[in-house]
Amino acid sequence: MTTILVTGGTGTLGRPVTERLRADGHEVRVLSRRTPPYAVDLRAGGAGLDAALDDVRTVVHCASSPRGGDEQAARNLIAAARRAGVEHLVYISIVGVDRVPFGYYRSKLAVERQIEESGLGWTVLRATQFHDLLVTLFQSLAKAPVLVLPAGLSDQPVEVAEVADRLAALALGAPAGRVPDLGGPEVRTLDSLARAYLRATGRRRAVARVPLFGKAYGAFRAGGHLAPDRTDGKVTFENHLTHRSARDAA
């Protein structure tokens with residue numbers, strides 16, 4: 001069995017990736033800033049990172065933060081992976097990082113480039129946004145009496161479990177380079193997704209659509225973050241909300 005390191009292994013995606021790999025009998029080390037024995041801040045690197053990578057042959061890099069630092073974290077991880085003789089680095093990215101001029105997307109694209117040029121065997125999977133991200137967004141927006149959305153946007157949310165399954169399978173295979181994108185089963189208008197959330201949670205809110213400005217907004221409106229030809233996900237947003245409601249009730 002392979003020894004695999006999952007960065008961000010306690011996060012939304014990293015946790016199910018870790019569970020799937022362990023279920024297949026692999027030794028999996030979880031690297032997280034606050035979780036021993038491999039409590040490491042990738043932005044700082046250091047001896048703890050080298051220890052985490054000792055005898056590791058495959059790394060699944062799920063750690064990421066919209067608040068910044070991803071590029072420095074990737075530099076430290078790649079350097080340590082080279083020292084450790086890692087054979088395969090698997091990275092989860094986002095559909096549209098090369099089409100939407102949004103700060104976080106630019107950082108993810110820069111990390112992709114670092115990995116491609118690292119000299120390591122590598123695999124990069126881009127996925128559309130997770131259902132959980134939309135739920136978090138709508139939870140926040142629904143605190144106001146009117147749920148205000150940017151006008152003209154669509155989304156293609158995907159179930160995190162399906163992305164975890166794909167990542168785990170890729171980690172157990174040979175380096176494959178940039179693999180086909182993974183998209184959710186439906187491209188939906190943002191307001192239709194918001195109304196589905198309101199119905200599922202029993203909230204009554206008016207929904208308003210407000211036009212925004214800027215290049216990033218224009219690229220999102222043009223669908224730069226979508227993969228309409230890669231509707232491989234099976235779990236719809238309504239399916240996700242139903243499962244989430246049942247889980248919360250239990």
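To be clear, the structure that these remarks concern was listed above.
Residues numbered from 1 in each chain as written. Predicted model: local features only at pLDDT ≥ 70, side-chain atom pairs only at ≥ 80, totals over all residues. Heavy atoms only, no water.

Engineer: Can you help me understand the sheet that holds strand S1 (residues 3-7) in this one?
Structural biologist: Paired through backbone hydrogen bonds, the strands of a sheet run either parallel or antiparallel to each other. Taking strand neighbours across the sheet as the criterion, the six strands line up as S2-S1-S3-S4-S5-S8 in an open arrangement whose pairing is parallel. With one partner strand each, in any of the chains shown, strand S2 (27-31) and strand S8 (177-178) form the two edges of the open sheet. As judged from the four bridges shared by S1 and strand S3 (residues 58-61), these two strands associate in the parallel manner. When the sheet's bridge partners are listed, Ile-4 is paired in S3 with Thr-58. (Pairing = 2+ DSSP bridges. Helix = DSSP H or I, 4+ residues; strand = E, 2+ residues; numbered from the N terminus.)

Engineer: Is there a simple way to think about helix H9 (residues 237-249) in this case?
Structural biologist: Given 3.6 residues per turn, any residue in an α-helix points the same way as the ones three and four places further on. Taking 1.5 Å as the rise per residue, H9 with 13 residues should run 18 Å; its terminal C-alpha atoms sit 18 Å apart, in good agreement. Each element contacted by the buried residues of H9 is listed here: helix H5 (131-141), strand S9 (188-189) and helix H7 (190-201). (Expected span 1.5 Å × (residues − 1). Contact = heavy atoms within 4.5 Å.)

Engineer: Whenever I open this one, unusual backbone geometry confuses me. Can you help?
Structural biologist: Note: most residues except glycine have negative phi, and most peptide bonds are trans. Each neighbour pair has its own omega, and for Pro-36 with Pro-37 the value is 10°, a cis peptide bond. Residue placement: Pro-37 occurs in the loop between S2 and helix H2 (47-53). Phi angles above zero are rare outside glycine, and Asp-55 is one such case at about 70°. With respect to the helices, strands and loops of the structure, Asp-55 is situated in the loop between H2 and S3.

Engineer: For this particular structure, what's the right way to read the packing of helix H3 (residues 70-84) against helix H4 (residues 103-116)?
Structural biologist: Two numbers describe a pair of packed helices, the interaxial angle and the distance between the axes. The N-to-C vectors of H3 and H4 enclose an angle of 15°; their axes lie 9 Å apart at closest approach. As far as their axial angle goes, H4 and H3 are roughly parallel. As H3 packs across H4, the resulting crossing turns out to be right-handed. Only Tyr-104, Ser-107, Lys-108, Ala-110, Val-111, Gln-114 and Ile-115 of H4 make contact with H3, whose side of the interface consists of Asp-70, Glu-71, Ala-74, Arg-75 and Ile-78. Residue composition of the contact of H3 with H4, by class: six nonpolar, two polar and four charged. (Axes fitted to C-alpha atoms, helices over the stretch in contact; angles between N-to-C directions. Parallel < 35°, antiparallel > 145°, perpendicular 65-115°, else oblique. Left-handed = near helix turned anticlockwise from the far one by under 90°. Nonpolar A, V, L, I, M, F, W, Y, C, P; charged D, E, K, R; others polar.)

Engineer: Quick question: what am I supposed to make of the pairing of strand S4 (residues 88-94) here?
Structural biologist: Each regular strand displays side chains that alternate between the two surfaces of the sheet. Of all seven residues that make up S4, seven are buried, and the element is covered over most of its length. Residues His-88, Val-90, Ile-92 and Ile-94 line one face of S4 and the alternating positions Leu-89, Tyr-91 and Ser-93 line the opposite face, and both faces are buried. Note: S3 against S4, four bridges, orientation parallel. Bridging from a neighbouring strand, Thr-58 pairs with His-88 of S4. At this point the chain moves from S3, through H3, to the parallel S4, and the crossover so formed is right-handed. Relative to strand S5 (residues 122-127), S4 is paired through six bridges, and the arrangement is parallel. For Ile-94, the partnering residue across the bridge sits in S5 and is Ala-127. Following the backbone out of S4, through H4 and into the adjacent parallel S5, one traces a crossover that is right-handed. (Buried < 20%, exposed > 50% of the residue type's maximum accessible area, 1.4 Å probe, protein only. Right-handed = clockwise from strand over helix to strand, strands pointing away.)

Engineer: So what exactly am I meant to see when it comes to H7 here?
Structural biologist: Across its 12 residues, H7 extends 17 Å between first and last C-alpha, which sits within 8% of the 16 Å expected from 1.5 Å per residue. Within H7, the full set of buried residues consists of Leu-190, Asp-191, Leu-193, Ala-194, Ala-196, Tyr-197 and Leu-198. Where H7 is buried, its residues meet H5, strand S6 (146-150), strand S7 (154-155), S9, strand S10 (206-210) and H9.

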